[in-house]
Amino acid sequence: MEALEAILSRRSIRKYQDRAIPEEVVHQLLEAGMSAPTARNMKPWYFLVINERPILDAIAGFHPYAAMLPEAPLAILVCGDREAEPIDGFLSQNCSAATENILLAAHALGLGAVWLGIYPRQERIEAISQLIGLPELVLPITLIAVGYPAEEKKTRNRFDRSKVRYNHW
Ligand SMILES: Cc1cc2nc3c(=O)[nH]c(=O)nc-3n(C[C@H](O)[C@H](O)[C@H](O)COP(=O)(O)O)c2cc1C
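Definitions and cut-offs
Residues numbered from 1 in each chain as written. Predicted model: local features only at pLDDT ≥ 70, side-chain atom pairs only at ≥ 80, totals over all residues. Helix = DSSP H or I, 4+ residues; strand = E, 2+ residues; numbered from the N terminus. Buried ≥ 20, exposed ≤ 12 C-beta atoms within 10 Å, placed from the backbone. Contact = placed C-beta atoms within 7 Å. Near = placed C-beta within 6 Å. Nonpolar A, V, L, I, M, F, W, Y, C, P; charged D, E, K, R; others polar. Axes fitted to C-alpha atoms, helices over the stretch in contact; angles between N-to-C directions. Parallel < 35°, antiparallel > 145°, perpendicular 65-115°, else oblique. Left-handed = near helix turned anticlockwise from the far one by under 90°.

Student: Help me out: how do you make sense of the overall build of the protein in this one?
Tutor: The secondary structure content of the protein amounts to 5 helices and 4 strands. Starting at the N terminus and walking to the C terminus, you meet the elements of the protein as α-α-β-α-β-α-β-α-β. Projecting the C-alpha coordinates of the protein onto the three principal axes gives extents of approximately 45 × 40 × 30 Å. Within the protein, the proportion of its 169 residues that are buried is 31%. The contacts of the protein with a sequence gap of at least 6 include a subset with a gap of at least 24, amounting to 77%.

Quick look at the structure:
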């Protein structure tokens, strides 16, 4: 799929087939994530692949908008490394760029995915850190549910001229 077509047609997919994602496809998603730009090229991130059913189910138990996880074969927790990047605002921007890359790669590979917000919700950060056993200096930023799609969504053109300014407000 061409890059612009992938960007314009990507949608959040929350229903999945009961089908595992091959390891080489997971590798492609992670490679896409790690191709994102980062401040000072620090790459201050970790990607935690979650494919154990009890862990996916447990996240759905405390995350208020993660009802799709018990159906998903896999999720990727994108975490920031506070040792490499001490400013959380930059950590979240770096990890968000990686997250969008993974969403687009998933779409281009015929998968469906959705971004689940973790940071800056303190209760979600604490619950997932405890569940996964994250070290003190690793901050969970986003979670991406991924699977082969069991729903189809139409492309929407969201271009809005009223949101655009040139040179001055
Ligand atoms: C920061 C952020 C947090 C989000 N959190 C959730 C979430 O917790 N659960 C969910 O189902 N979708 C979540 N989404 C997905 C949005 O709901 C979705 O992108 C939006 O409704 C637009 O739909 P589209 O992705 O199909 O274009 C999140 C998206 C972003 C960017």
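Student: Got a minute to help me understand the site of the ligand in this structure?
Tutor: Around the ligand, the neighbouring residues are Arg-11, Ser-12, Arg-14, Tyr-65, Val-114, Trp-115, Leu-116 and Gly-117. Split by residue class, the shell around the ligand holds 4 nonpolar, 2 polar and 2 charged.

Student: Is there a simple way to explain the packing of helix 3 (residues 53-62) against helix 5 (residues 122-132) in this structure?
Tutor: Two quantities define a packed helix pair, namely the angle between the helix axes and the distance between the axes. Their axes nearest at 10 Å, the elements helix 3 and helix 5 cross at an angle of 160°. Overall, the two elements helix 3 and helix 5 adopt an arrangement that is roughly antiparallel. Once helix 3 is placed against helix 5, the crossing between them reads as right-handed. The residues of helix 5 that touch helix 3, namely those facing Ile-55, Ala-58, Ile-59 and Phe-62, are Ala-127, Ile-128 and Leu-131. Counted by class, the contact of helix 3 with helix 5 contains 7 nonpolar, no polar and no charged residues.

Student: When you look at the environment of Thr-99 in this model, what are you seeing that I'm missing?
Tutor: Relative to the elements of secondary structure, Thr-99 occurs in helix 4 (residues 88-108). For Thr-99, a count of 24 C-beta atoms within 10 Å translates into the label buried. In this structure, the C-alpha to C-alpha distance between Thr-99 and Val-78, residues 21 residues apart in sequence, is 7.1 Å. When neighbours within four sequence positions are excluded, Thr-99 is seen to be in contact with Val-78, Trp-115, Thr-142 and Ile-144.

Student: What exactly am I supposed to notice about the packing of helix 2 (residues 23-33) against helix 4 here?
Tutor: At a minimum axis distance of 7 Å, the contact between helix 2 and helix 4 shows a crossing angle of 140°. Between helix 2 and helix 4, the angle is such that the two are oblique. Seen from above, helix 2 lies across helix 4 with right-handed handedness. Judged by residue contacts, Gln-28, Leu-29, Ala-32 and Gly-33 of helix 2 engage Ala-98, Asn-101, Ile-102, Ala-105 and Ala-106 from helix 4. Partitioning the contact of helix 2 with helix 4 into residue classes produces 6 nonpolar, 3 polar and no charged.

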